[in-house]
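# Notes for the structure review
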Amino acid sequence: MESIVLGDVEIIRVREWQGPFAPALAVFPDIEPEAWRAEQRWLAPDHWEPAADQYVGALQTWVVRSEGRTVLVDTGVGDDRERPDTPQFHRRQSDFPARLAAAGIHPEDVDVVINTHLHADHVGWNTEARDGEWAPMFPRATYYLPAADRAYAEQRQPHLFADSVAPVLRAGQAVLWEDTLRLDAHLTLEAAPGHTPGSCVLRVASGGERAVFVGDILHSPVQLRAPACNSCFCEDPAQAAATRRGVLERATDTKELVIPAHFAGAGAAEVHRDGERFTVTRWAAF
């Protein structure tokens with residue numbers, strides 16, 4: 001099991017998938033190939049496949065145990081979803097529930113589900129097919145969804161909304177929140193818009209140690225060297241870049257472990273300023 005402990009909080013990593021995803025220039029259109037090659041020593045092979053010029057990423061759920069509760073941060077792609085615009089996600093089949101179980105987490109054990117934003121690879125296992133209908137996968141959980149993403153998801157991603165969001169709303173298990181929300185003494189949700197209208201971060205502070213789950217504010221560590229450059233998935237590029245810089249600056253100032261949704265390899269890192277850019281001080285020990 002891949003896990004670390006920060007103060008009184010345990011963080012467990014459960015991977016759904018990891019590997020080459022798409023050409024690097026397609027995912028990061030503003031980052032030239034030379035920038036990847038300049039950082040090849042530490043980007044390859046975990047984050048970039050040089051021979052094919054492929055961005056390497058991961059689909060994963062972060063499990064946070066805090067004050068006796070089990071919290072899931074993002075829920076991956078899910079199985080059997082209609083995602084024709086993304087072949088890697090379309091009608092996917094995986095063993096993710098078994099991987100959760102291997103980490104000691106069963107659906108009835110989950111108290112809280114956090115979607116850092118409502119994109120297809122962050123909400124899929126919110127639900128499961130049951131008796132021919134989509135139903136919440138975690139029967140006891142409260143699902144925290146960014147309020148600003150609700151209308152965006154319903155209008156722009158109707159398949160996603162129908163199979164992964166609407167069922168938890170109908171079940172009365174969803175909380176639509178905005179701005180800042182304190183979950184317990186160690187965990188706080190904060191709005192961090194740009195990637196989507198409701199994109200957010202989850203901050204952890206316990207026993208003098210800190211972490212921040214940043215969702216898709218960072219897709220790859222190459223963005224530490226080019227923090228103004230977005231992925232092709234960012235809805236508001238200017239706001240996304242400003243949010244990214246603000247999150248990274250705070251992480252360096254407060255020594256937060258930065259935990260993105262899609263970093264492969266070590267999965268998370270401590271960072272520090274390097275002029276106008278950032279660099280990795282230490283990779284996490286997952």
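Placed above this text is the structure.
These lines cover the structure that appears in this document, whether it is placed above or below.

Criteria and cut-off values
- Residues numbered from 1 in each chain as written.
- Predicted model: local features only at pLDDT ≥ 70, side-chain atom pairs only at ≥ 80, totals over all residues.
- Heavy atoms only, no water.
- Salt bridge = Lys/Arg side-chain N within 4 Å of Asp/Glu carboxyl O.
- Helix = DSSP H or I, 4+ residues; strand = E, 2+ residues; numbered from the N terminus.
- Buried < 20%, exposed > 50% of the residue type's maximum accessible area, 1.4 Å probe, protein only.
- Core = buried A, V, L, I, M, F, W, Y, C linked by side-chain atoms within 4.5 Å.
- Contact = heavy atoms within 4.5 Å.
- 1 Å grid on protein atoms, 1.4 Å probe; cavity = no way out; pocket = protein on both sides within 12 Å on 5 of 7 lines; lining within 4 Å.
- Points joined across faces, edges and corners; volume = space filled by probe spheres on them.
- Nonpolar A, V, L, I, M, F, W, Y, C, P; charged D, E, K, R; others polar.
- Phe/Tyr/Trp six-rings, centres within 6.5 Å; stacked < 30°, edge-to-face > 60°.

In total, this model carries 22 salt bridges according to the counting rule given. Among the ionic pairs, Glu-39 bridges to Arg-225, the shortest N-O distance being 3.3 Å. One end of the pair, Glu-39, is in the loop between α2 (33–38) and α3 (40–43); the other, Arg-225, is in helix α8 (residues 222–225), with 186 residues separating them in the sequence. With respect to burial, Glu-39 and Arg-225 carry one shared label: buried. As a salt-bridge pair, Glu-190 and Arg-203 come within 2.9 Å of each other at their nearest N and O atoms. Of this pair, Glu-190 sits in strand β12 (residues 187–191) while Arg-203 is found in strand β13 (residues 200–206), placing the two residues 13 residues apart along the sequence. Relative accessible area serves as the criterion here: at 19%, Glu-190 is assigned to the buried category.

Counting residues in each nonpolar core, the largest one holds 59 residues, and the members touching the most others are Trp-36, Phe-138 and Val-214. In terms of residue count, helix α7 (residues 158–170) provides more of this core than any other element does, five residues in total. When residues no more than four places from it in sequence are discounted, the contact partners of Phe-138 are Leu-72, Thr-75, Leu-100, Pro-107, Val-110, Val-113, Trp-125, Asn-126, Tyr-143 and Gln-173. Ranked by size, the runner-up nonpolar core spans 25 residues in total, among them Val-71, Val-73, Leu-189 and Ile-259.

What follows covers the layout of surface pockets. Considering only enclosed or pocket space, the largest pocket measures out at about 690 Å³ in volume. Those elements giving two or more residues to the lining of the largest pocket turn out to be β2 (9–23), β4 (54–66), α5 (120–123), α6 (147–156) and α7. Of the voids in this model, the second largest pocket is the one considered here, and its volume is about 190 Å³. Surrounding the second largest pocket, 13 residues form its lining, Leu-6, Glu-209, Arg-210, Glu-270 and Arg-282 being those nearest its centre. Within the residue set of the lining of the second largest pocket, elements represented by two or more residues are β1 (2–6) and β14 (209–215). It is β1 that provides the largest number of residues to the lining of the second largest pocket, a total of three residues. Split into classes, the residues belonging to the lining of the second largest pocket amount to six nonpolar, two polar and five charged.

Taken as a whole and judged by the stated rule, the model has nine aromatic pairs. Ring plane angle 80° and centroid distance 6.4 Å describe the contact between Phe-21 and Tyr-55, whose orientation is recorded as edge-to-face. Here Tyr-55 lies in strand β4 and Phe-21 lies in strand β2, a separation of 34 residues in the sequence. Like Phe-21, the residue Tyr-55 is buried in the burial classification. Ring pairing ties together the aromatic residues Phe-21, Phe-28, Trp-36, Trp-48, Tyr-55 and Phe-89, which thus form one cluster.

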